[in-house]
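So you can see what is in the structure, the chains are spelled out below.
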Amino acid sequence: MTGDKLKRGDKVCVIAPSRSLGIISQHVIELATTRLNEIGLEVCFSKNCHQMDEFHSSSIEARIDDLHTAFSDKTVKGILTAIGGHNSNQLLNKIDYSIIKSNPKILCGFSDITALSNAIYTKTELITYNGPHFSTLGMAQGLDYTIEYFKKCLMSENGYSITPSQYWSDDEWYINQDQRDFYPNTGYQVINTGQASGTIIGGNLCTFNLLQGSCFLPEPENAILFLEEDNLLELNTLSEFDRNLQSIIHLKSFYSVKGIVIGRFQTASQITLEQICKLIHSKPELNSIPVIYNLDFGHTTPQITFPIGGEAEIIATSTRCEIMIKKH
């Protein structure tokens, strides 16, 4: 099940199911609003999205009210999350999923929103979207690729191929919009060859794993896993990725996973291609499926938008790498 695609003149509502919009500067909010206006979308803000407590969030009741209201409002055609954080999973057993199922529409965000988007897909079969937050769109530079794939996924019915960006960045752009560091993109890295098609699930790996043991985890049957890990907690990112991936491998239905696509790691992780290849090759359960690394999604810039619950096809050989979104 999908919500209607966005078109020029549609209204999108900004909600804050994780951290508050109140932590975002007015300048970034204005830039993000202008960016959405430029592609023809009207922006509105939920009643409670600026509320902020000592956890830089708001009460569960306030966040649930905004989520239900945004889905129920017939004038709202899409929902963008303000920013990520650490607590959107607090909402999952409080949501009235019948409201969402009766009012299917686009929901887009990433990072901590992984818990919310995968849970909604599991409970309602509504395709949700891993893509930029509203605040992400407040970047003054380096956003063209992000906007391109936002439009391909959320404003068009057509399937699309994912091709690598030319340049990427992993700086604190929200602190200084003028001092940005961009690096040439080396492109995709095929770790295991193969060809596969399946249903996309995943997002931020450690957040996705918060759903294990609950009724909110989408079973990885015939799935293409899109996975990334951040460095926000200053942990050993490689070790975190390793043990969280191993946890997914232990799921009963993992045997039917068709392929894995891994987003770019942040520079602070200092993970090398050799290390990630060694990690993947150490897991015999992955030997028979294609694994591709270094896609433009996760906590670096720019980023694609892709559908949770949509369908992808991947072809990975020693000379060819194609990733196609067939249904979104």
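Rules used in this analysis
Residues numbered from 1 in each chain as written. Predicted model: local features only at pLDDT ≥ 70, side-chain atom pairs only at ≥ 80, totals over all residues. Heavy atoms only, no water. Helix = DSSP H or I, 4+ residues; strand = E, 2+ residues; numbered from the N terminus. Rg over C-alpha atoms; globule rule 2.2 N^0.38 Å. Buried < 20%, exposed > 50% of the residue type's maximum accessible area, 1.4 Å probe, protein only. Areas by Shrake-Rupley, 256 points an atom, 1.4 Å probe, with all protein chains shown as cover. Lys, Arg positive; Asp, Glu negative; His and termini not counted. Charge placed at Lys NZ, Arg CZ, Asp CG, Glu CD. Core = buried A, V, L, I, M, F, W, Y, C linked by side-chain atoms within 4.5 Å. Contact = heavy atoms within 4.5 Å. Pairing = 2+ DSSP bridges. Right-handed = clockwise from strand over helix to strand, strands pointing away. UniProt positions renumbered as here; feature names shortened; annotations may be inferred. Axes fitted to C-alpha atoms, helices over the stretch in contact; angles between N-to-C directions. Phe/Tyr/Trp six-rings, centres within 6.5 Å; stacked < 30°, edge-to-face > 60°. Lys NZ or Arg CZ within 6 Å of the ring centre and 35° of its normal.

- Going by what an unreviewed UniProt entry lists, the chain is known as LD-carboxypeptidase and is assigned to Deefgea salmonis.

1. So, the overall build of the chain
Argument step 1. Counting its secondary structure elements, the chain contains eight helices and 16 strands.
Argument step 2. Relative to the compact-globule value of 20 Å for 328 residues, the chain shows a C-alpha radius of gyration of 18 Å, a close match.
Argument step 3. Each principal axis of the C-alpha distribution contributes one length, and for the chain these read about 50 × 45 × 40 Å.
Argument step 4. Going through the 328 residues of the chain one by one, you find that 59% of them count as buried.
Argument step 5. Total accessible area on the chain is roughly 13700 Å²; 47% of this is exposed by carbon and sulfur atoms.
Argument step 6. Here the chain carries 26 positive and 36 negative side-chain charges, and the mean point of each set is 7 Å from the other.

2. A look at the nonpolar core
Argument step 1. Core analysis: the biggest nonpolar cluster contains 103 residues, and Leu-36, Ile-162, Phe-226, Leu-245 and Ile-260 have the highest contact counts within it.
Argument step 2. What Leu-245 contacts, discounting residues up to four positions off in sequence, is Leu-205, Leu-227, Ile-260, Leu-279, Ile-280, Lys-283 and Leu-286.

3. What to know about the pairing of strand 2 (residues 42–45)
Argument step 1. Pairing of strand 1 (residues 11–15) with strand 2 involves four bridges; the strand directions are parallel. Bridge pairing in strand 2 places Lys-11 opposite Glu-42.
Argument step 2. With helix 1 (residues 26–38) bridging strand 1 and its parallel neighbour strand 2, the resulting β-α-β unit is right-handed.

4. What to know about the UniProt feature "domain: LD-carboxypeptidase N-terminal" (unreviewed entry) in the chain
Argument step 1. The UniProt entry lists residues 12–131 under the feature "domain: LD-carboxypeptidase N-terminal" (unreviewed entry), expressed in the numbering used here.
Argument step 2. Secondary structure content for residues 12–131 is 37% helix and 18% strand, and the end C-alpha separation is 14 Å.

5. Focus: the sheet that holds strand 5 (residues 128–130)
Argument step 1. Taken together, six strands build an open sheet; the order of strands is 2-1-3-4-5-14 and the sheet is mixed. Edge positions in the sheet fall to strand 2 and strand 14 (306–308), since each of these pairs with one other strand and no more. When the angles between neighbouring strand axes are averaged without regard to direction, this sheet yields 30 degrees.
Argument step 2. Strand direction decides the pairing type here: strand 1 and strand 3 (residues 76–81), joined by five bridges, are parallel. The residue bridging Cys-13 from the neighbouring strand is Ile-79, located in strand 3.
Argument step 3. Contacts between helix 1 and the sheet are confined to strand 1, strand 2 and strand 3, with strand 2 contributing the most and set at about 140 degrees to the helix.
Argument step 4. Along the sheet face, helix 2 (residues 60–72) touches strand 1, strand 3 and strand 4 (106–109) and points at about 170 degrees away from the line of strand 1.

6. What to know about the packing of aromatic side chains
Argument step 1. Evaluation of the coordinates by the stated rule reveals eleven aromatic pairs.
Argument step 2. Relative to Tyr-183, the ring of Trp-168 lies with its centre 5.1 Å away and its plane at 50 degrees, an arrangement referred to as tilted. With Trp-168 in strand 7 (residues 167–168) and Tyr-183 in strand 8 (residues 183–184), this residue pair connects regions lying 15 residues apart in the sequence.
Argument step 3. Assessed through its relative accessible area of 36%, Tyr-183 is described here as partly exposed.
Argument step 4. With centroids separated by 4.6 Å and ring planes inclined at 40 degrees, the aromatic side chains of Phe-226 and Phe-306 adopt a geometry described as tilted. In this pair, Phe-226 sits in strand 11 (residues 223–228) while Phe-306 sits in strand 14, placing the two residues 80 residues apart along the sequence.
Argument step 5. Using a relative accessible area of 0% as the deciding quantity, one classes Phe-226 as buried.
Argument step 6. In this structure an aromatic cluster arises from ring pairing among Tyr-145, Tyr-149 and Tyr-160.
Argument step 7. Lying over the aromatic face of Tyr-97, Lys-123 brings its terminal NZ or CZ to 6.0 Å of the ring centre.
Argument step 8. Here the guanidinium or amino end of Lys-152 rests over the ring plane of Tyr-149, the centre of that ring lying 4.5 Å away.

7. A short note on the sheet that holds strand 13 (residues 291–295)
Argument step 1. Sheet architecture is open: eight strands sit in the order 6-16-15-10-11-12-13-9, paired in mixed fashion. Edge positions in the open sheet fall to strand 6 (160–161) and strand 9 (189–192), since each of these has one partner strand only.
Argument step 2. Sheet topology places strand 10 (residues 194–204) next to strand 11; six bridges connect them, and they run parallel. Bridge pairing in strand 11 links Asn-204 to Glu-228.
Argument step 3. Running at roughly 25 degrees to strand 9, helix 8 (residues 273–281) makes contact with strand 9, strand 12 (259–263) and strand 13 of the sheet.

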